[in-house]
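Per-entry structural report
What follows is the residue order along each chain.
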Amino acid sequence: MRIAILGTRGIPAAYGGFETFAEELGRLLVARGHHVTVYGRRRFGTPRPPETHEGITVTFAPTIFSKHLETPLAAFTSMATLRRGAFDVVLLCNAANSPFAWLCRLAGIPLAINVDGIERMRSKWGRAGKLWYRIGEQCSVLFADRVVADAEVIAAYYREQFGVQPSSIAYGARARHREPGETLARFGLTPRNYLLYVSRFEPENNALGVVQGYEQSGVQLPLVMVGDAPYARDYIAAVHRAAGARVIFTGYQFGAAYEELQSHPYAYIQATEVGGTHPALVEAMAYGNAVIANDTPEHVEVLGEAGAYYPKNNFAELGARCAEFVAHPERVEEFRCAAKSRAQSRYSWDQVATQYEQLFRELIALNR
């Protein structure tokens, strides 16, 4: 099959979950004999020829890099290039791109849309942004041959709101364990002797609450904050102001550095409150990390009883859970084993690739 993946910032992954998703899925589909093209982004006026990454063709759609224009404009310029016969099927990532999905339908190419979470719930969006995401949800239902949800919570939302039956295909995880090395040394860390948080520093991901809860906890293990955000300078400044000397900010980390950090924490904190299956949570489980998670339906669906929870957005209780983990290492070890087992059985990239491969074949057959 000739498969196009649209709607991400491109690969190799250097931003977030959808980029990792495109890279992992594309790599496995190429290994199975398919031709995969991932669309990335470039600035208008800066031509960039297609590249190849692990057998995947990476092509670049022009856009304007700003908070509100980057994603929808890249969606328009990438979908405007689609022509009948160029691809057998298109996978579009993120409902924010769906208002332009009619271009794909106009080209006569079968289309699946992975809608992500209910992004209009994020407070970073003003009225216009929230309206755009709401329109995106409706356009996903209108233009997609199949809506795809990575969590049953999101699938249920689309069933109840729009009366459609989404395909539920989880996010995958692949643990590449790294021995302690340059990354831990650079940040002054030792194995099993730090708490780890990974996410973009945006309000609904609760980086500020995590730092505040940690500072109240009295825990002496360092807190390692992995992440950043391109359009949230004021919020990031507030997170830094709340942090004491034991909080370590690493910025974005990908590849070997990220893998080394995920390989050795004492425990992992998942504090997000909006979205479906969160990639960093599934990855932390795959690495065999003990998880403390914000008590949301999405996290309970993914983590089950293989981790501990704190009441939603109660960061004083998060601090208390951190202290409990430090006081009871035997319980932490139980959570590590349970999380790894659950990830292996439920969140394999190979299983994800098989499900998408089957979905693509179905859509192609239906559109013949």
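For the structure itself, consult the block above.
Residues numbered from 1 in each chain as written. Predicted model: local features only at pLDDT ≥ 70, side-chain atom pairs only at ≥ 80, totals over all residues. Heavy atoms only, no water.

Examining the side chain of Ser217
Looking at the secondary structure, you find Ser217 in helix H7 (residues 207-217). Among the polar contacts made by the side chain of Ser217, one reaches the main-chain carbonyl oxygen of Tyr214 at a distance of 2.6 Å. For Ser217, the side chain forms a polar contact with the main-chain nitrogen of Val219, separated by 3.1 Å. Beyond its immediate stretch of four places on either side in the chain, Ser217 contacts Gly319 and Ala323. (Helix = DSSP H or I, 4+ residues; strand = E, 2+ residues; numbered from the N terminus. Polar contact = N/O pair within 3.5 Å; in protein donor to acceptor, adjacent residues only side chain to side chain. Contact = heavy atoms within 4.5 Å.)

Let's talk about empty space enclosed by the protein
Under the counting rule described, the total for this entry stands at 1 cavity of 30 Å³ or more. Computed from the structure, the largest cavity encloses a volume of approximately 50 Å³. In this structure, the largest cavity is lined by Gly7, Thr8, Tyr39, Gly40, Arg41, Ala61, Thr71, Ala74, Ala75, Ser78 and Asn97. The set of elements that each furnish at least two residues to the lining of the largest cavity consists of strand E2 (35-43) and helix H2 (70-79). For the lining of the largest cavity, the element with the highest residue contribution is H2, accounting for 4 residues. The class makeup of the residues in the lining of the largest cavity is 4 nonpolar, 6 polar and 1 charged. (1 Å grid on protein atoms, 1.4 Å probe; cavity = no way out; pocket = protein on both sides within 12 Å on 5 of 7 lines; lining within 4 Å. Points joined across faces, edges and corners; volume = space filled by probe spheres on them. Nonpolar A, V, L, I, M, F, W, Y, C, P; charged D, E, K, R; others polar.)

A closer look at the pattern of salt bridges
As enumerated under the stated definition, the model contains 22 salt bridges in all. A salt bridge links Arg186 to Glu182; the nearest nitrogen and oxygen atoms lie 3.1 Å apart. Separated by 4 residues within a single helix, Arg186 and Glu182 lie in helix H6 (residues 182-186), roughly one turn from each other. Overall, the relative accessible area of 43% leaves Arg186 in the partly exposed class. We classify Glu182 as exposed; its relative accessible area is 52%. One salt-bridge network, held together by shared partners, links Glu24, Arg27, Glu54, Arg174 and Arg176. (Salt bridge = Lys/Arg side-chain N within 4 Å of Asp/Glu carboxyl O. Buried < 20%, exposed > 50% of the residue type's maximum accessible area, 1.4 Å probe, protein only.)

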